[in-house]
Amino acid sequence: VVPNANIWPVQVRWLAEDGIEVTEGETIVEFDNSQLAVNLNQLEQASLEARNQLASLRAETRSQEIEATLVVEQKRAQLELARIDAAVPEGLLAQKEYEERQVALRRAELELEQAERALELDRIAIRARVQKQRVALQKAETATAQARDGIELLTLAAPRDGVLLVSENRREGRPFQTGDASRPGSTIATLPDLASMLVEAWLYDVDDGTAEAGTPVTATVDAFPDEAWRGTIESIGSVATEMSFRSLRRAFRVRIRLDDLDTDRMRPGMSVKVVLDRREQNVLLVPRTALQWGGDAMAPRAEARLTRGEIRPVELGSCSAQECIVIDGLDEGTELRSAAVEESSP
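Everything quoted here is computed from the prediction, not taken from an experiment. (Residues numbered from 1 in each chain as written. Predicted model: local features only at pLDDT ≥ 70, side-chain atom pairs only at ≥ 80, totals over all residues. Heavy atoms only, no water.)

Trainee: Please provide a residue-by-residue account of the side chain of asparagine 33, values included.
Mentor: Mapped onto the secondary structure, asparagine 33 falls in the loop between β3 (27-31) and α1 (34-86). By relative accessible area, which is 15% here, asparagine 33 ends up buried. Non-local contacts of asparagine 33, meaning those with residues more than four positions away in its chain, are made with Arg13, Ile151 and Leu154. (Helix = DSSP H or I, 4+ residues; strand = E, 2+ residues; numbered from the N terminus. Buried < 20%, exposed > 50% of the residue type's maximum accessible area, 1.4 Å probe, protein only. Contact = heavy atoms within 4.5 Å.)

Trainee: Quick rundown of the environment of glutamate 227? Include the residues and the values.
Mentor: Structurally, glutamate 227 is set in the loop between β12 (216-221) and β13 (229-236). Exposure remark for glutamate 227: the relative accessible area of 32% places this residue in the partly exposed category. Residues glutamate 227 and valine 326, 99 residues apart in the sequence, show an inter-C-alpha distance of 32 Å. Sequence-distant contacts of glutamate 227, that is, excluding residues within four places in its chain, are made with Ala219, Thr220 and Arg265.

Trainee: Which residues make up unusual backbone geometry, and what values do they have?
Mentor: The bulk of non-glycine residues show a negative phi, and the bulk of peptide bonds are trans. Although it is not a glycine, asparagine 6 sits at a positive phi angle of roughly 60 degrees. Within the secondary structure layout, asparagine 6 lies in the segment before β1 (10-15).

Trainee: Kindly report on the pattern of salt bridges, identifying the contributing residues and their values.
Mentor: Scanning the entire structure with this criterion turns up 21 salt bridges. Residues arginine 51 and glutamate 141 are paired through a salt bridge, measuring 2.9 Å at the closest nitrogen-oxygen approach. In this pair, arginine 51 is assigned in helix α1 and glutamate 141 in helix α2 (residues 95-153), connecting sequence segments 90 residues apart. The exposure class of arginine 51 is partly exposed, given its relative accessible area of 38%. Residue glutamate 227 pairs with arginine 265 through a salt bridge whose shortest N-O separation is 2.8 Å. Residue glutamate 227 is located in the loop between β12 and β13, and its partner arginine 265 is located in the loop between β15 (250-258) and β16 (272-276); the two are separated by 38 residues in the primary sequence. (Salt bridge = Lys/Arg side-chain N within 4 Å of Asp/Glu carboxyl O.)

Trainee: Which residues make up the packing of α1 against α2, and what are the values?
Mentor: With their axes 8 Å apart at the nearest point, α1 and α2 run at an angle of 170 degrees to one another. The orientation of α1 with respect to α2, classified from their angle, is roughly antiparallel. Looking at the contact of α1 with α2 residue by residue, the classes come out as 27 nonpolar, 10 polar and 19 charged. (Axes fitted to C-alpha atoms, helices over the stretch in contact; angles between N-to-C directions. Parallel < 35°, antiparallel > 145°, perpendicular 65-115°, else oblique. Nonpolar A, V, L, I, M, F, W, Y, C, P; charged D, E, K, R; others polar.)

Trainee: With reference to specific residues and values, describe the nonpolar core.
Mentor: Judged by nonpolar contacts, the single largest core of 21 residues is most densely connected at Leu15, Ile28, Val29, Phe31, Leu154, Leu164 and Ile188. When contributions to this core are tallied by element, the ones reaching two or more residues are β1 and β3. Apart from residues lying up to four places away in sequence, leucine 164 is in contact with Ala16, Glu17, Asp18, Gly19, Ile20, Val22, Ile28, Ala189, Thr190 and Leu191. Counting 19 residues, the second largest nonpolar core, distinct from the first, contains Ala201, Val217, Val221 and Ile233. (Core = buried A, V, L, I, M, F, W, Y, C linked by side-chain atoms within 4.5 Å.)

Trainee: Summarise the sheet that holds strand β19 (residues 300-305); cite the residues concerned and give the values.
Mentor: As summarised here, the arrangement of the five strands in space is β17-β21-β20-β19-β18, forming an open sheet in which the pairing is antiparallel. The open sheet has two free edges, formed respectively by β17 (284-287) and β18 (291-295), since each of these has just one partner strand. Direction aside, the axes of adjacent strands within the sheet are offset by 55 degrees on average. Looking at chain direction, β19 and strand β20 (residues 311-319) are connected through four bridges and run antiparallel. The residue bridging arginine 305 from the neighbouring strand is isoleucine 311, located in β20. (Pairing = 2+ DSSP bridges.)

Next up, the structure:
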C-alpha cells in the first residue's frame, strides 16, 4: 500500500516484475524519495542549529542568573550591616545620626526585597526562554525523524514469501508501472494466498437471471486451453457495473470457486473462460440476431423480429452467445428475421 510520507503525489521509482516469486524481506517497491531527501538535509541543519541555540541560551541565562544572585547576596550583606548600625540605642547617638541609620536600614530592606524580586522574575523569564527553545528543538527533531521515517516508508519489502501481483492503475486502465503517480492508501501490489484463489468473471446484464449461486460451471485457463476445471458459482453481484474505467458495457461480477486448484501453475491475474453447465432438453431456441430489446432501462423486455415485419414480445430463459431459450411468445416453426437480413434489405 502506498505509504503516507507527507508528500503528494507519490511516484513509483521502481517496481518488481508482476508474477515473480519473492522472499520475505526482499524489496518489491521503491517510491521516489528525492523530495524528502532534500527536506531531510534542511531539517537536520535546522535541528543542529536549534540544539546549538539551546546550549548557547542555557549558558547565557546561567550567567544572568549568577549575576542576579550575586546582587541579592550583596544586598543581603548590606542589610546585615545596616541592621548592626541601626541596633545602637537611640540615647548613645545624636538624634540625626540615629534617624539616618534607621532610614538606611529601611532602604537596605527595600533594596534586598527588590533584588530578590528581580532574581525571581529573571528565573521565570529564563525558564520561559529555555522552554521555548526546547519546544523549537523538539519540533525540529520531530520533523527530522518524520522525514527520515518517511524515506524508510517509501521502500516496501515483502512481508512473507509469495508471488507478487501488481495491482491495476484504474486511472490508466493497466497495471502499475515505473513512473506512475498514486496517492497514499492505494494498493500497488499484493502477495495473495494461492490456496484461496477464486475465479472472478463477468455476467453481461442482458443475461441476468441465467445463473445463480450454486450453478455448476466449467472453467478453462487461457494458459492451459486443453485442460478444464469444474467449479461452482459462489456469488453474483446484485448490481451491474461498468466492466472497466472507460467501458459503457455493464455486467454483474461473479465469483466462482473451483473444485481443485493447481497452485504450481495457476497465478492470480490469468485469464479464464467460464461456461455455465446448463444443459436443457426439448426447449425452443431463438437466434440472438433475431432479438431486440424494448422497454426502458428500468424494465427492459425482449422482442422477436418476425419475417412479415411484426415485432412480438417474448419471454426468454437462459442464453448462450448465439441463442436463447424461449419460454413464451413464439411457436416452433415461426419464421424470424435476423438483424443481418434486415440491414441488407433495400
